[in-house]
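Commentary on secondary and tertiary structure
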Amino acid sequence: MLVFETPKSFKKDFKYSFCKGCDHGVAIRLIAELIDEMGLKGNTILTTSIGCSVTMYDFLDLDCIEAPHGRAMAVATGVKRAKPDKFVLTYQGDGDFASIGLAESMHAALRGENVTAICINNTTYGMTGGQLGPTTLMGQVTTTSPNGRNREYYGYPIRIAEQIALCDGTAYSARVSLDTVPNIKKAKAAIKKAFEVQLKGLGTGFVEILSTCPTNWNMTPEQAHERVRNEMMKVFPPGIYKDVTEE
Amino acid sequence: MAKELIKGNYAIAQAALNAGCECYFGYPITPQTEIGEYLSLKMPEAGLAYVSAESEIAAINMVLGACSTGARAMTTSSSCAVSLMQEALSYAASDELPVVLVNVMRAGPGLGSIYPAQGDYYQSVYGGGNGDYRMVVYAPSNVQECIELTYKTFYTAHKYRTPVILLADGVLGQMMEPAEFTQYSYPPVDNSSWALCGANGRAGKKICSYGPDEAKHIQHVKDLFEKYKLIAEREVMYEEYMTDDADFLLVGFGSIARHLKASVKVLRTKGIKAGMFRPITLFPFPEKRLNELADRCREVMTVEMNMGQMYTDVRLAVNGKTKTTLLNLRPAGEWMSVEEITEAVEKSTEKIYAGI
Amino acid sequence: MAHIVIDENRCKSCYLCMAVCPKGLIKKSTHINNLGEYAVEFCDPNNECVGCAMCATRCPDLAITEVHK
């Protein structure tokens, strides 16, 4: 019995351009699996963003529009308002969603736009080579915080899932991790929930995914997952921060 | 429909609805706020999308999203806030999306003031965004034209899949004059080949500007410019007034052209053979016709409410055939009066007739 | 019979799958694939694979294309 296969939503000849061990690959696969399982392929319009996440449209056989940096939730708002019957999804990095695009992200959640946003949190700007971003941990060394993040120079990181949960239009907000197989399964369940709240018209669905950037962290893929567990989860605890279906 | 007394901003708003605008995304800024106010009342009633965006950046990006599905979508704004939209306009040009933007100009640079001005000629015509692209720009000069050119703006944007700007100014936005809501009579445009609607029984479509493949990117930019060339061949619009025998040509766009027409009338009573040439499309600029007219003119005087922006295009069009001058007594504020304009022309013609 | 299918040319040799296989049935290959990596191989001479799909769930590159149980 076939218990796993490459999701049908992938293009036949897709080639992941991600670095060795990068969790983007897992996150995109989970999204593709759910699009397959929930029968959404023919009805989905994907909004990608700027950064490593933008390449998603090269892998999935979906209708896609690329948003300018940070504007995915505004573009998704436009798509959804023009075509309310479509399933609208954004896929963004933490810099895109919560730094340059924080206003667009929060206001979309405040309006309760019926869209789903998936945000990859890897505590750095990956595509440009590992600079300090909105989620960079205190003490973390990056190419623009060579002595580590400190309060005096850089201020504090943002806890995205908690902030989005505070928006009244948010229907679901969760933080998950991809560091272990059980956590990957939990992540899939959370993304599914964020899809469902949109389909039910309940408001914005949001999932923050703790992810790795082994290249810019200068770690092996295994070490990177250990860092997610030992450092990131302490500051960004996984959990469901809002779920209107449970209230 | 009969003529009614209508304010320019309301004329643009209602014309957008007549043109089939399905989605409006906007943020308030003087002197165009009435457009959003009007649509916030009318669009929900009609089951259409109206969103009070959190910023102009968000508004134009919402237009991008809506346009990607083939919908007729619009945002409206003014000068300093249009500056915030330049990134998305560059994307829209590269993505080939039919973005409709109305800019009711105020004075700049910076926050400037809410006085009328024409300081966004460069921003609109030469683009404030990055990279090689052009945008079609229509410049109405009265409220009736605000209606007709709003129709045209929607049609051109969708026909050529390119962002189009309706460039009005504070005078037009705020003034009331009799105008008639004519029928929107342009044919429907088929967007089924590119509009996103979900990859149902077909391969997914991608709307993007990112071009990591050098050869493909170069071809894409060249294709865009082939399209602009086609637009320049087909879509040029201008108005001429008493140019048949004119030896002194006044050139202006937008609402100031009303004073140019009046000035021509006054100058003719004084024996000066003046004429007026008014570009209606600022891109494509009617350079060919202006160049022809320059043949028999002793002087081509550009009159505009900025420090001489369209003047650049006028000089390029005239191309040294005759003398070109600029009359721009004020870059913002009160429109140059007919008296000020005729006086300047008379001074200039004295020199011409004296052979200086 | 439970087994997995590996597209070795998708493997970037992160070896995360090797660590999660409960039976230790995935091994480093001795030859280099199209990406210039020592990809992984499925070695199950004693038919120990249970088809748990943990390897495919973990693989970030969809190099494990099928799992049969």
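Criteria and cut-off values
- Residues numbered from 1 in each chain as written.
- Chains lettered and ligands numbered in written order.
- Predicted model: local features only at pLDDT ≥ 70, side-chain atom pairs only at ≥ 80, totals over all residues.
- Heavy atoms only, no water.
- Helix = DSSP H or I, 4+ residues; strand = E, 2+ residues; numbered from the N terminus.
- Rg over C-alpha atoms; globule rule 2.2 N^0.38 Å.
- Buried < 20%, exposed > 50% of the residue type's maximum accessible area, 1.4 Å probe, protein only.
- Areas by Shrake-Rupley, 256 points an atom, 1.4 Å probe, with all protein chains shown as cover.
- Contact = heavy atoms within 4.5 Å.
- Buried area = accessible area lost by both parts, 1.4 Å probe.
- Salt bridge = Lys/Arg side-chain N within 4 Å of Asp/Glu carboxyl O.
- Polar contact = N/O pair within 3.5 Å; in protein donor to acceptor, adjacent residues only side chain to side chain.
- Nonpolar A, V, L, I, M, F, W, Y, C, P; charged D, E, K, R; others polar.
- Pairing = 2+ DSSP bridges.
- Domains from an automatic or database assignment.
- Patch = residues over 30% accessible without salt bridge, like charges linked within 9 Å, V, L, I, M, F, W, Y side chains within 5 Å.
- Axes fitted to C-alpha atoms, helices over the stretch in contact; angles between N-to-C directions.

**Points about the overall build of chain C**
- Scanning chain C for helices and strands turns up two helices and four strands.
- For chain C, the α and β elements follow one another from N to C terminus as β-α-β-β-α-β.
- Computed over C-alpha atoms, the radius of gyration of chain C comes to 11 Å, within 12% of the 11 Å expected from 2.2 N^0.38 for 69 residues, which places it in the range of a compact globule.
- Among the 69 residues that make up chain C, the fraction classed as buried is 52%.
- Carbon together with sulfur atoms contributes 52% to the accessible area of chain C, which is approximately 3200 Å² in total.

**A look at the interface of chain B and chain A**
- Facing the 36 residues of chain B at the interface are 33 residues of chain A.
- Both sides of the chain B and chain A interface together cover about 2600 Å² of buried area, and 57% of this is carbon and sulfur.
- Of all residues in chain B, Glu-54, Lys-206 and Tyr-210 of chain B bury the most surface against chain A, accounting for 20% of the area lost on that side.
- Our count for the chain B to chain A interface comes out at three salt bridges.
- Between the two partners, chain B and chain A, sit 14 residue pairs in polar contact (both at pLDDT 80 or more).
- Of all the secondary structure elements, the ones that give two or more residues to the side of chain B that touches chain A are β2 (23-26), β3 (49-52), α3 (56-68), α5 (86-95) and β9 (206-207) of chain B.
- In terms of residue count, α3 of chain B provides more of the side of chain B that touches chain A than any other element does, eight residues in total.
- Across the side of chain B that touches chain A, the residue classes break down as 20 nonpolar, nine polar and seven charged.
- Where strand β3 (residues 63-66) of chain A lies against β9 of chain B, two bridges are found, and the strand directions are parallel. Paired with Ile-65 of chain A across the strands is Ile-207 of chain B, a residue of β9 of chain B.

**Topic: the domain arrangement of chain B**
Residue and element names in this part refer to chain B.
- What the domain assignment reports for chain B is domain 1 (4-185 + 208-234) and domain 2 (239-353).
- Between domain 1 and domain 2, the C-alpha centre-to-centre distance is 27 Å.
- The interface of domain 1 with domain 2 comprises 32 residues on the first partner and 25 residues on the second.
- Note on domain 1 versus domain 2: buried area summed over both sides is about 2200 Å², and carbon and sulfur give 57% of it.
- Three residues, Gln-118, Tyr-121 and Ser-141, lead the burial of domain 1 against domain 2; their summed loss comes to 32% of the area buried on that side.
- At the junction of domain 1 and domain 2, the tally comes to two salt bridges.
- The partner of Glu-145 in a salt bridge is Arg-278, with the nearest N and O atoms 2.6 Å apart.
- The interface formed by domain 1 and domain 2 contains 17 residue pairs in polar contact (both at pLDDT 80 or more).
- Elements that contribute at least two residues to the side of domain 1 that touches domain 2 include exactly α6 (121-127), β6 (136-138), α7 (143-160), β7 (164-169), α8 (170-174) and α9 (214-234).
- Sorting elements by how many residues they give to the side of domain 1 that touches domain 2 places α6 first, with four residues.

**Examining a nonpolar patch on the surface**
All names here are of chain B.
- The grouping of Tyr-122, Tyr-126 and Leu-316 at the surface amounts to a nonpolar patch, some 300 Å² of accessible area in total.
- By the secondary structure assignment, Tyr-122 is in helix α6.
- Classification of Tyr-122 by relative accessible area gives partly exposed; the value is 35%.

**Some points on helix α3 (residues 72-82) of chain A**
- Where burial is concerned, most of α3 of chain A is hidden: ten out of the eleven residues are buried.
- Listing the buried residues of α3 of chain A in full gives Ala-72, Met-73, Ala-74, Val-75, Ala-76, Thr-77, Gly-78, Val-79, Lys-80 and Ala-82 of chain A.

**Describing the interface of chain A and chain C**
- Taken together, the contact between chain A and chain C spans 31 residues of the former and 24 residues of the latter.
- Taking both partners together, chain A and chain C bury about 2100 Å²; carbon and sulfur atoms supply 59% of that area.
- Looking only at chain A, the three residues that lose the most surface to chain C are Phe-4, Lys-20 and Val-181 of chain A, adding up to 27% of its buried area.
- At the boundary of chain A and chain C, one finds two salt bridges.
- Where chain A packs against chain C, one counts 15 residue pairs in polar contact (both at pLDDT 80 or more).
- Going through the elements one at a time, β1 (2-5), α1 (24-37), α8 (181-199) and α10 (221-235) of chain A are the ones with two or more residues in the side of chain A that touches chain C.
- In terms of residue count, the dominant contributor to the side of chain A that touches chain C is β1 of chain A (four residues).
- Direction of pairing for β1 of chain A relative to strand β4 (residues 64-68) of chain C: antiparallel, over a ladder of three bridges.

**Examining the sheet that holds strand β11 (residues 248-251) of chain B**
Residues and elements named next belong to chain B.
- Judged by pairing direction, the sheet is mixed, and its five strands sit side by side in the order β10-β12-β11-β14-β15 without closing on themselves. The outermost strands of the open sheet, each flanked by one partner alone, are β10 (238-241) and β15 (323-327). On average, each strand axis in the sheet is inclined to that of its neighbour by 20°, with strand direction left out of account.
- Here four bridges tie β10 to strand β12 (residues 274-279), and the two strands are oriented antiparallel to one another. Residue pairing in the sheet places Glu-239 in a bridge with Arg-278 of β12.

**Things to note about the pattern of salt bridges**
- By the definition in use, this model includes 38 salt bridges over all chains.
- When the shortest N-O distance is used, the salt bridge between Lys-261 of chain B and Glu-239 of chain B registers 2.7 Å. Of this pair, Lys-261 of chain B sits in helix α10 (residues 256-269) while Glu-239 of chain B is found in strand β10, placing the two residues 22 residues apart along the sequence.
- Residues Arg-10 of chain C and Asp-7 of chain C are paired through a salt bridge, measuring 3.6 Å at the closest nitrogen-oxygen approach.

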